[in-house]
Amino acid sequence: MHTHQQKITSHAFFSPGDDCLNAIIACMDAAEESVKICVFTISDNRISDAIVRAYKRGIAIKIMTDNHKLHDAGSDIQELAARGLEVRIDKTRNHMHHKFAIFDEVQVLTGSYNWTRSAALYNHENILITDNPSIVQDFSEEFDRLWQEMMKYNPGGRSRDAFWDGL
């Protein structure tokens, strides 16, 4: 009996430049059901805007991030949580330093690339995107394990949009 093997697709992207940024945004815009994000921080508004667009399309989004990076200048985590996105943070003195996302449980984006503007402008970083089922499963299991350990984050405030709408 002949078994049919799935063709695995993988692509690498590098910065500085917009290749990594565009890859993240393209994956976000193509998501159809769910996005699991596990990153050290998010401070590039272009990525945050893509996350919000996906959320407004009805995509189920979960974000995990480092508790020490929440209050950095330019961090978009509080804003994303204030918009209603589900955010969890680690509760340790150590860093949650992962940089990966899982799209629709069929594709993983990972690499050294920080989701920051300086990563696109200056840093030598990388992203790998693959639909290898065993890799996707490994990352999804790690995400789910960490999600159970992390603390729910509530910013206790309104988003900029809600603030301006209320004036």
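Scoring rules and cut-offs
Residues numbered from 1 in each chain as written. Predicted model: local features only at pLDDT ≥ 70, side-chain atom pairs only at ≥ 80, totals over all residues. Heavy atoms only, no water. Axes fitted to C-alpha atoms, helices over the stretch in contact; angles between N-to-C directions. Helix = DSSP H or I, 4+ residues; strand = E, 2+ residues; numbered from the N terminus. Parallel < 35°, antiparallel > 145°, perpendicular 65-115°, else oblique. Contact = heavy atoms within 4.5 Å. Nonpolar A, V, L, I, M, F, W, Y, C, P; charged D, E, K, R; others polar. Expected span 1.5 Å × (residues − 1). Buried < 20%, exposed > 50% of the residue type's maximum accessible area, 1.4 Å probe, protein only. Right-handed = clockwise from strand over helix to strand, strands pointing away. Pairing = 2+ DSSP bridges.

(A) Structural context of the packing of helix 1 (residues 19-30) against helix 2 (residues 45-56). Look at helix 1 against helix 2: their axes get within 9 Å of each other, and the N-to-C directions meet at 5°. When the axes of helix 1 and helix 2 are compared, the pair comes out roughly parallel. For the pair helix 1 and helix 2, contact is made by L21, I24, I25, M28 and D29 and by R46, I47, A50, I51, R53 and A54, respectively. Residues of the contact of helix 1 with helix 2, tallied by class, amount to eight nonpolar, no polar and three charged.

(B) Geometry of helix 1. Along its twelve residues, helix 1 runs 16 Å from first to last C-alpha, staying within 8% of the 16 Å computed at 1.5 Å per residue. Listed as buried for helix 1 are C20, L21, A23, I24, I25, C27 and M28. Where helix 1 is buried, its residues meet strand 1 (10-15), strand 2 (34-39), helix 2, strand 5 (99-103), strand 6 (107-110) and strand 7 (125-130).

(C) The pairing of strand 2, seen in detail. Most of strand 2 is tucked away: six of the six residues are buried. Alternating residues of strand 2 divide into S34, K36 and C38 and V35, I37 and V39, and every residue in both groups is buried. Between the parallel pair strand 2 and strand 3 (residues 60-65), the chain is carried across by helix 2, and the sense of this crossover is right-handed. Bridging between strand 2 and strand 5 involves five bridges; their strand directions are antiparallel. In the sheet register, K36 faces strand 5, and the bridge partner there is I102.

(D) Spotlight on the pairing of strand 4 (residues 86-89). Alignment of strand 3 against strand 4, held across four bridges, turns out to be parallel. Each residue of the ladder has a partner; that of T65, found in strand 4, is I89. Where the polypeptide runs from strand 3 across helix 3 (residues 77-82) and back to strand 4, its parallel neighbour, the crossover connection is right-handed. Where strand 4 and strand 8 (residues 151-152) come together, two bridges link them in antiparallel fashion.

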